[in-house]
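Coordinate analysis (summary)
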Amino acid sequence: MKKRKISMRNDYKYFTFDNIPSLNDVLDNRERRIIKIHDLEKVYPDMIIICFKLNIPGEQKINDAIINIFNLGVIDINLTLDSKNIIYNDSKKDITGPEYFCVAKGDPCDLKMKMVNIEENSYFGRLYDIDLIYKGKSVSRQELDLGPRKCFLCNDDAKICARSRKHNLDSMIRWIEDLIDNYEGTYGK
């Protein structure tokens, strides 16, 4: 059996070699997420499904730091949505990373703009991945004439940087750790 190469260093403050999901864990979780979204669409056919995850580079997808960032994201989303418009919400935290599902009433384009605002302007927003699904289709930034997500290191198109592996894992993890260290809120307290 071939041993997987670990690309994480051992001198990070918040990231370790613990809780590393296998490829099967990741694929199974992706399938469960799709099923969950389809199930929510069946129960709430005229509502907007919000699926929130984090963009965390590297192999470790859950630890105390990640959970704290995730919890702040859930708070950002819930504060942005009018509570009377939230029909359903649920979250899970497992080895593949935390996820939050929300069903809300409202205009899909308006809610997408609000979620993009969170991704672009919240302290940890660059790490947030907030997807909106309405009537079986993802509401995209392009539909709203918004540019693509920006890379947190260089501000180029994040997808292009990821695909080309423009930045090494160490610089991305160090950026996240600096972000955590410089947070002035109630992080981890």
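Residues numbered from 1 in each chain as written. Predicted model: local features only at pLDDT ≥ 70, side-chain atom pairs only at ≥ 80, totals over all residues. Heavy atoms only, no water.

As recorded by an unreviewed UniProt entry, the protein carries the name citrate lyase holo-[acyl-carrier protein] synthase and is attributed to Anaerococcus nagyae. Reading the Catalytic activity (unreviewed entry) entry of the UniProt record for the protein gives the comment "apo-[citrate lyase ACP] + 2'-(5''-triphospho-alpha-D-ribosyl)-3'-dephospho-CoA = holo-[citrate lyase ACP] + diphosphate". (UniProt positions renumbered as here; feature names shortened; annotations may be inferred.)

Further remarks concern the overall build of the protein. When helices and strands are tallied, the protein shows five helices and five strands. Overall, the protein shows an N-to-C arrangement of helices and strands of α-β-α-β-β-α-β-β-α-α. Taking 189 residues into account, the globule formula puts the C-alpha radius of gyration at 16 Å, and the protein, at 17 Å, falls close to it. A principal-axis box enclosing the C-alpha atoms of the protein has dimensions of 45 × 40 × 35 Å. In the protein, which comprises 189 residues, the share counted as buried stands at 39%. Of the roughly 11000 Å² of accessible surface on the protein, 50% is carried by carbon and sulfur atoms. Positive and negative charge centroids in the protein, built from 31 and 30 side chains respectively, lie 3 Å apart. (Helix = DSSP H or I, 4+ residues; strand = E, 2+ residues; numbered from the N terminus. Rg over C-alpha atoms; globule rule 2.2 N^0.38 Å. Buried < 20%, exposed > 50% of the residue type's maximum accessible area, 1.4 Å probe, protein only. Areas by Shrake-Rupley, 256 points an atom, 1.4 Å probe, with all protein chains shown as cover. Lys, Arg positive; Asp, Glu negative; His and termini not counted. Charge placed at Lys NZ, Arg CZ, Asp CG, Glu CD.)

What follows deals with the sheet that holds strand E1 (residues 48–54). Pairing is antiparallel in the open sheet, where five strands are placed in the order E2-E3-E1-E4-E5. In this open sheet, the two strands that pair with only one neighbour each are strand E2 (86–94) and strand E5 (137–138). Bridge analysis of E1 against strand E4 (residues 128–134) gives seven bridges, and the strand direction is antiparallel. Bridge pairing in E4 places Leu54 opposite Tyr128. Packed onto the sheet, helix H1 (residues 23–43) meets E1, E2, strand E3 (97–104) and E4 and runs at close to 10° relative to E3. (Pairing = 2+ DSSP bridges. Contact = heavy atoms within 4.5 Å. Axes fitted to C-alpha atoms, helices over the stretch in contact; angles between N-to-C directions.)

Time to look at the nonpolar core. Grouped together as the largest cluster of nonpolar side chains are 35 residues, with contacts concentrated most on Phe52, Leu81, Tyr128 and Ile130. Mapped by element, the contributors of at least two residues to this core are E1, helix H2 (64–80), E3, helix H3 (108–121), E4 and helix H5 (169–181). Element by element, the count of residues in this core is highest for H2, at seven residues. Beyond its immediate chain neighbours, meaning those up to four positions away, Phe52 contacts Phe70, Gly73, Val74, Ile77, Pro98, Glu99, Tyr100, Tyr128, Asp129 and Ile130. If you look at the next biggest cluster of nonpolar residues, it comprises seven residues, including Leu40, Cys51, Phe101 and Val103. (Core = buried A, V, L, I, M, F, W, Y, C linked by side-chain atoms within 4.5 Å.)

What follows is about the confidence of the model for the protein. Considering every residue of the protein, the mean pLDDT works out to 91; 92% of them sit at 70 or more. Counting interchain partners and residues more than four positions distant, the pLDDT-below-50 stretch residues 1–6 has six contacts. (pLDDT = per-residue confidence, 0-100.)

Attention now moves to the environment of Thr96. Looking at the element boundaries, Thr96 is found in the loop between E2 and E3. Given the relative accessible area of 17%, Thr96 is considered buried. In contact with Thr96, other than residues within four places in its own chain, are Pro21, Asp25, Val26, Asn29 and Lys61. In this structure the side chain of Thr96 is engaged in a polar contact, spanning 3.3 Å, whose partner is the side chain of Asn29. At 2.6 Å, the side chain of Thr96 and the side chain of Asp94 are in polar contact. (Polar contact = N/O pair within 3.5 Å; in protein donor to acceptor, adjacent residues only side chain to side chain.)

Following the criterion strictly, the structure yields seven aromatic pairs and no others. On the basis of an interplanar angle of 40° and a centroid distance of 6.2 Å, the ring pair of Tyr44 and Tyr88 is categorised as tilted. Of this pair, Tyr44 sits in the loop between H1 and E1 while Tyr88 sits in strand E2, placing them 44 residues apart in sequence. Since its relative accessible area comes to 22%, Tyr88 is described here as partly exposed. Between Tyr123 and Phe124, the ring centres sit 4.8 Å apart and the planes meet at 85°, which makes this aromatic pair edge-to-face. Since its relative accessible area comes to 35%, Tyr123 is described here as partly exposed. Cluster of aromatic residues (ring-pair linked, three or more members): Phe52, Phe70 and Tyr128. (Phe/Tyr/Trp six-rings, centres within 6.5 Å; stacked < 30°, edge-to-face > 60°.)

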